[in-house]
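# Examination of the molecular architecture
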Number of protein chains: 2
Amino acid sequence: MVKTKDYCRINEVIEEEMTSNIPVDEEIMDLADFFKVFGDPTRLKILSLLEHRELCVHDLAAIMDMQQTAISHQLKSLRQARLVRYRREGKMALYSLSDSHIKEIFSTGLEHIKE
Amino acid sequence: MVKTKDYCRINEVIEEEMTSNIPVDEEIMDLADFFKVFGDPTRLKILSLLEHRELCVHDLAAIMDMQQTAISHQLKSLRQARLVRYRREGKMALYSLSDSHIKEIFSTGLEHIKE
DNA sequence: TGAACATATGAGCAGATAAACATATAATAC
DNA sequence: GTATTATATGTTTATCTGCTCATATGTTCA
């Protein structure tokens, strides 16, 4: 058993990790990767726009006044995080949200920053 | 009014932004800064440890097997984001969570990655 | 088939960031 | 006061990240 000093509660924590539902380190990594996606204004803006309607890449770029390639790169991140999906309609790719938790996460975050 | 091409829904979006509760750009920036704090495994681990008890800096460093200065730096970020607070007890600084939304955000994130 | 449009991808660069290291501040005991 | 312990902060460095530019892929239509 590891014990460094009297005031260190490492054993208490180890005990608790085994018996409770504290996220283990691998889950922590996955969680961090997930939240990292929300930690960029461009991606957040895309998500907030898609909350209300599906939009094509060109529209997103026009609305946000950014280059199409920049938007496409961020959409790739969002796809990989399984936060958006798209369907083809002719030449266009129409993106929409693919995760039901996004609105919840948004509103919880907004509650925090408005306090 | 701005209008680039037929398929661009920028006017529709502008209309909606004025009448609904879409976060405006400043809120988007604040939200991104908020979620950025959750986007690092070290900070997430600290938050998850503090969910169950208050801990001093030394304990956090010992449990996480990291240097004290690294922990202190991250605690500063967490303080600035108003996610943790601390009280002095002698030489020690005992940190605890200062925001009620943290558990909610955690569990929502976990729901997503476990799907 | 080729031209035009819509989107995706790869490379490079500039700015951001997290840890390490050195050092400073704070609190207690002597 | 000094020594010791606990924590905080400033600086440097290596890594990561988001944008731009160039280019490739995909789709439609003539």
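Note that the coordinates shown come from a computational prediction; the quantities given were computed from them, not determined experimentally. (Residues numbered from 1 in each chain as written. Chains lettered and ligands numbered in written order. Predicted model: local features only at pLDDT ≥ 70, side-chain atom pairs only at ≥ 80, totals over all residues. Heavy atoms only, no water.)

The full count for this structure, using the stated rule, is 10 salt bridges over all chains. Here D25(A) ties to K45(B) by a salt bridge, and the two come within 2.9 Å at their closest N and O atoms. Residue D25(A) is located in helix α2 (residues 25-38), and its partner K45(B) is located in helix α3 (residues 41-50); the two belong to separate chains. A salt bridge links E27(B) to K114(A); the nearest nitrogen and oxygen atoms lie 3.4 Å apart. In this pair, E27(B) sits in helix α2 (residues 25-38) while K114(A) sits in the segment after α6 (102-113), so the two residues belong to two different chains. In this structure K114(A) comes out as exposed when scored by relative accessible area, which is 56%. Shared partners join several salt bridges into a network, and the residues in it are E54(A), R87(A) and E89(A). (Salt bridge = Lys/Arg side-chain N within 4 Å of Asp/Glu carboxyl O. Helix = DSSP H or I, 4+ residues; strand = E, 2+ residues; numbered from the N terminus. Buried < 20%, exposed > 50% of the residue type's maximum accessible area, 1.4 Å probe, protein only.)

Turning next to the relation of the copies chain A and chain B. Of the transformation placing chain A onto chain B, the axial shift is 0.0 Å and the rotation is 180°, giving an RMSD of 0.1 Å. Classification of the inter-copy transformation places it as that of a two-fold axis. In this assembly the copies share their binding face: 100% of the residues contributing to the interface of chain A also contribute to that of chain B. (Least-squares fit on C-alpha atoms with pLDDT ≥ 70 in both. Contact = heavy atoms within 4.5 Å.)

α2(B) packs onto α6(A) with a crossing angle of 100° between their chain directions and a minimal axis gap of 10 Å. With respect to each other, α6(A) and α2(B) are oriented roughly perpendicular. Here α6(A) contributes I105(A), F106(A), G109(A), L110(A), H112(A) and I113(A) to the contact with α2(B), which in turn contributes E27(B), D30(B), L31(B), F34(B) and F35(B). Class assignment of the residues belonging to the contact of α6(A) with α2(B) gives a composition of seven nonpolar, two polar and two charged. (Axes fitted to C-alpha atoms, helices over the stretch in contact; angles between N-to-C directions. Parallel < 35°, antiparallel > 145°, perpendicular 65-115°, else oblique. Nonpolar A, V, L, I, M, F, W, Y, C, P; charged D, E, K, R; others polar.)

Another point: the protein's contact with DNA strand D. Around DNA strand D, the surrounding shell holds 28 residues, and the nearest of these are T42(A), Q74(A), Q68(B), H73(B) and Y95(B). Within 4 Å of the protein, the atoms of DNA strand D are drawn from sugar and phosphate moieties in a proportion of 66%. Contacts to DNA strand D include Q74(A), whose side-chain N or O atom sits 2.6 Å from a phosphate oxygen. One of the backbone nitrogen or oxygen atoms of A93(B) is found 3.2 Å away from a phosphate oxygen of DNA strand D. Only α3 (41-50) and α5 (68-80) of chain A together with α4 (57-64), α5 (68-80) and β3 (92-97) of chain B provide two or more residues apiece to the surface near DNA strand D. (Near = heavy atom within 4 Å. Polar contact = N/O pair within 3.5 Å; in protein donor to acceptor, adjacent residues only side chain to side chain.)

Okay, the nonpolar core next. Core analysis: the biggest nonpolar cluster contains 68 residues, and F38(A), L47(A), L83(A), F38(B), L47(B) and L83(B) have the highest contact counts within it. For L47(A), the residues in contact, after removing those within four places along its chain, are F38(A), L78(A), L83(A), V84(A), L97(A), I102(A) and F106(A). (Core = buried A, V, L, I, M, F, W, Y, C linked by side-chain atoms within 4.5 Å.)

Taken together, the contact pairs 56 residues of chain A with 56 residues of chain B. Regarding the contact of chain A and chain B, the summed buried area is about 5,200 Å², with carbon and sulfur atoms giving 66% of it. The interface formed by chain A and chain B contains four salt bridges. Connecting chain A to chain B are 12 residue pairs in polar contact (both at pLDDT 80 or more). Looking at the side of chain A that touches chain B, the elements that each hand over two or more residues are α1 (10-19), α2, α3, β1 (55-56), α4 (57-64) and α6 of chain A. At 11 residues, α2(A) tops the list of elements feeding residues into the side of chain A that touches chain B. Here the side of chain A that touches chain B is composed, by residue class, of 27 nonpolar, 10 polar and 19 charged. (Buried area = accessible area lost by both parts, 1.4 Å probe.)

Here we take up the packing of aromatic side chains. By the definition in use, this model includes eight aromatic pairs over all chains. Their ring planes at 50° and their centres at 5.3 Å tell us that F35(A) and F38(B) sit as a pair that is tilted. Of this pair, F35(A) sits in helix α2 while F38(B) is found in helix α2, placing the two residues in two different chains. Judged by its relative accessible area of 0%, F38(B) is buried. Considering the side-chain rings of F34(B) and F38(B), the 5.2 Å spacing of their centres and the 70° angle between planes classify their relative orientation as edge-to-face. Placement of the pair is F34(B) and F38(B) together in helix α2, with a separation of four residues, close to one helical turn. With respect to burial, F34(B) and F38(B) carry one shared label: buried. (Phe/Tyr/Trp six-rings, centres within 6.5 Å; stacked < 30°, edge-to-face > 60°.)

It is worth stressing that arrangement in space is one thing and function is another; only the former is reported here.
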